Amino acid sequence: DGSGAGGAWTYRDVVQNTVDYFAFGQNDIEDGVHRGGWRDYANYNNSDQSTTQWPVIGSITANQQMGVSTPGFVSSELSFWTNYIQNPAGYAGYQSPTGPLGEVNETGALLIQQAFLGWGTGDSRVQSALNWLDGAWQTTANSTWDGNFGHPYAMWAVYKGLELTIGLDDMTTITNLHADPGDVDNPDHGWNWWEDYCEFLVNNQLGDGSWAGYSSWNQWLATPWYINILAATQFENGNGNGPPPIPEPGTMLLLGTGLLGLAALRRRKRST
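None of these values were measured; they are calculated from a predicted model.

Caption draft 1: Just the overall build of the protein, in detail. Counting its secondary structure elements, the protein contains nine helices and two strands. The order of helices and strands in the protein, counted from the N terminus, is α-α-α-α-α-α-α-β-β-α-α. Taken over 272 residues, the protein has a buried fraction of 48%. Contacts in the protein between residues far apart in sequence, at least 24 positions, make up 59% of those at least 6 positions apart.

Next up, the structure:
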């Protein structure tokens, strides 16, 4: 039975059921390698860092937005995978701490997992990940999986990880930024990692309002992820101490209207 009137299922019940299913599907194989992560289907007995970020960010949102609970063992098991997958240099690998493929994306996912576990910026593992990401900040999409700017999958993972860990207003952690162009779209905010992302996205928006994407992450994935970045989407962290919730639909409508106007202004500036 659901929690609604007369035992009816509510949307919250559906989300709770989904979180419970992810908990059931978490790998519990005690091999010292894959334990605590997820892969392509439930109880895969083999984990990868790219897949693991999705049950975690979903649980964070379900916990904080809807009061849905995540079984306690999910955190204790996730700590095994999170500790294993981080390379001593700070970044995260794909299936091993030295594995190739998308270290920028995997490190963004690592920050999401560390936030869910309650590891703050005072934790040496979190600082190591942030320091590595700072060094890799100006990389661009390359070799299918790698790079930061222009790689939709990586940028969305990094955005989520940094928003959860240091917030949109942090000015000191990521300093390896592109030069301030002098026409910052939000001049009262100051130039930081989020402004760097936003400036890139506004400059690379296509005439029809979408973004081209990269490799497998085409415009149908790139566009909503990039809009989420421009929209300053906010998550609360695993301890409930994060920033305010995602904006209400009315706020998103106003923001969308503003983005359309901004895009038109940018195109007029280019034509001029």
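Caption draft 2: The arrangement of the packing of helix α2 (residues 49-66) against helix α6 (residues 152-165) in detail. The geometry of α2 relative to α6 is characterised by a closest axis approach of 12 Å and an angle of 45° between their N-to-C directions. One finds that α2 runs oblique with respect to α6. Along this stretch, α2 crosses α6, giving a crossing that reads as left-handed. On the side of α2, the interface is formed by Ser 50, Gln 53, Trp 54, Ile 57 and Ile 60, while α6 contributes Tyr 153, Trp 156, Ala 157, Lys 160 and Leu 164.

Caption draft 3: Expanded view of the packing of helix α5 (residues 124-135) against α6. Remark: α5 packs on α6, axes separated minimally by 12 Å, with the N-to-C direction vectors making an angle of 130°. One way to sum up the angle between α5 and α6 is to call them oblique. Remark: the crossing between α5 and α6 carries left-handed chirality. Counting all contacts with α5, which are made through Val 126, Leu 130 and Leu 133, the residues of α6 involved are Val 158, Leu 162 and Thr 165. By residue class, the composition of the contact of α5 with α6 is five nonpolar, one polar and no charged.

Caption draft 4: Main features of the side chain of Gln 113. The residue Gln 113 is located in helix α4 (residues 103-116) in this model. The class of Gln 113 is buried, set by a relative accessible area of 0%.

Caption draft 5: Examining the pattern of salt bridges more closely. Taken as a whole and judged by the stated rule, the model has three salt bridges. Its salt-bridge partner being Glu 77, residue Arg 35 comes within 2.8 Å of it at the nearest N-O pair. One end of the pair, Arg 35, is in the loop between α1 (11-25) and α2; the other, Glu 77, is in helix α3 (residues 72-85), and 42 residues separate them in sequence. For the pair Arg 35 and Glu 77, one class covers both residues: buried. Taking the shortest distance from any N to any O, the salt bridge between Arg 125 and Asp 123 comes out at 2.7 Å. For Arg 125, a relative accessible area of 27% puts it in the partly exposed group.

Caption draft 6: Structural context of a nonpolar patch on the surface. A cluster of nonpolar side chains, contributed by Trp 9, Tyr 11 and Val 14, occupies part of the molecular surface with about 380 Å² of accessible area. As for its placement among the helices and strands, Tyr 11 is situated in helix α1. Exposure remark for Tyr 11: the relative accessible area of 62% places this residue in the exposed category.

Caption draft 7: View of α6. Its 14 residues give α6 an end-to-end C-alpha distance of 20 Å, which sits within 8% of 20 Å, the value for a rise of 1.5 Å per residue. Most of α6 sits inside the fold, with 14 of its 14 residues counted as buried. Backbone geometry just downstream of α6 places Gly 167 in the positive-phi region, at approximately 85°.

Caption draft 8: Summary view of unusual backbone geometry. Phi at Leu 101 takes a positive value of approximately 90°, unusual for a residue other than glycine. Leu 101 sits in the partly exposed class, given a relative accessible area of 31%. In this structure, Ser 143 is a non-glycine residue whose phi angle is positive, near 50°. Assignment of secondary structure puts Ser 143 in the loop between α5 and α6.

Caption draft 9: Main features of the environment of Phe 22. Relative to the helices and strands, Phe 22 resides in helix α1. On the basis of relative accessibility, which here comes to 33%, the residue Phe 22 falls in the partly exposed class. Counting along the chain gives 19 residues from Phe 22 to Tyr 41, while the straight-line C-alpha distance between them is 9.4 Å. Discounting chain neighbours no more than four positions away, the residues touching Phe 22 are Trp 38 and Pro 55.

Caption draft 10: Region of interest: the packing of aromatic side chains. Enumeration according to the criterion identifies 18 aromatic pairs in this entry. A centroid spacing of 4.6 Å and a plane angle of 50° characterise the contact between Tyr 41 and Tyr 44, whose relative ring orientation is tilted. Classification of Tyr 41 by relative accessible area gives exposed; the value is 55%. Given the relative accessible area of 25%, Tyr 44 is considered partly exposed.

So, how was this worked out
- Residues numbered from 1 in each chain as written.
- Predicted model: local features only at pLDDT ≥ 70, side-chain atom pairs only at ≥ 80, totals over all residues.
- Heavy atoms only, no water.
- Helix = DSSP H or I, 4+ residues; strand = E, 2+ residues; numbered from the N terminus.
- Buried < 20%, exposed > 50% of the residue type's maximum accessible area, 1.4 Å probe, protein only.
- Contact = heavy atoms within 4.5 Å.
- Axes fitted to C-alpha atoms, helices over the stretch in contact; angles between N-to-C directions.
- Parallel < 35°, antiparallel > 145°, perpendicular 65-115°, else oblique.
- Left-handed = near helix turned anticlockwise from the far one by under 90°.
- Nonpolar A, V, L, I, M, F, W, Y, C, P; charged D, E, K, R; others polar.
- Salt bridge = Lys/Arg side-chain N within 4 Å of Asp/Glu carboxyl O.
- Patch = residues over 30% accessible without salt bridge, like charges linked within 9 Å, V, L, I, M, F, W, Y side chains within 5 Å.
- Areas by Shrake-Rupley, 256 points an atom, 1.4 Å probe, with all protein chains shown as cover.
- Expected span 1.5 Å × (residues − 1).
- Phe/Tyr/Trp six-rings, centres within 6.5 Å; stacked < 30°, edge-to-face > 60°.

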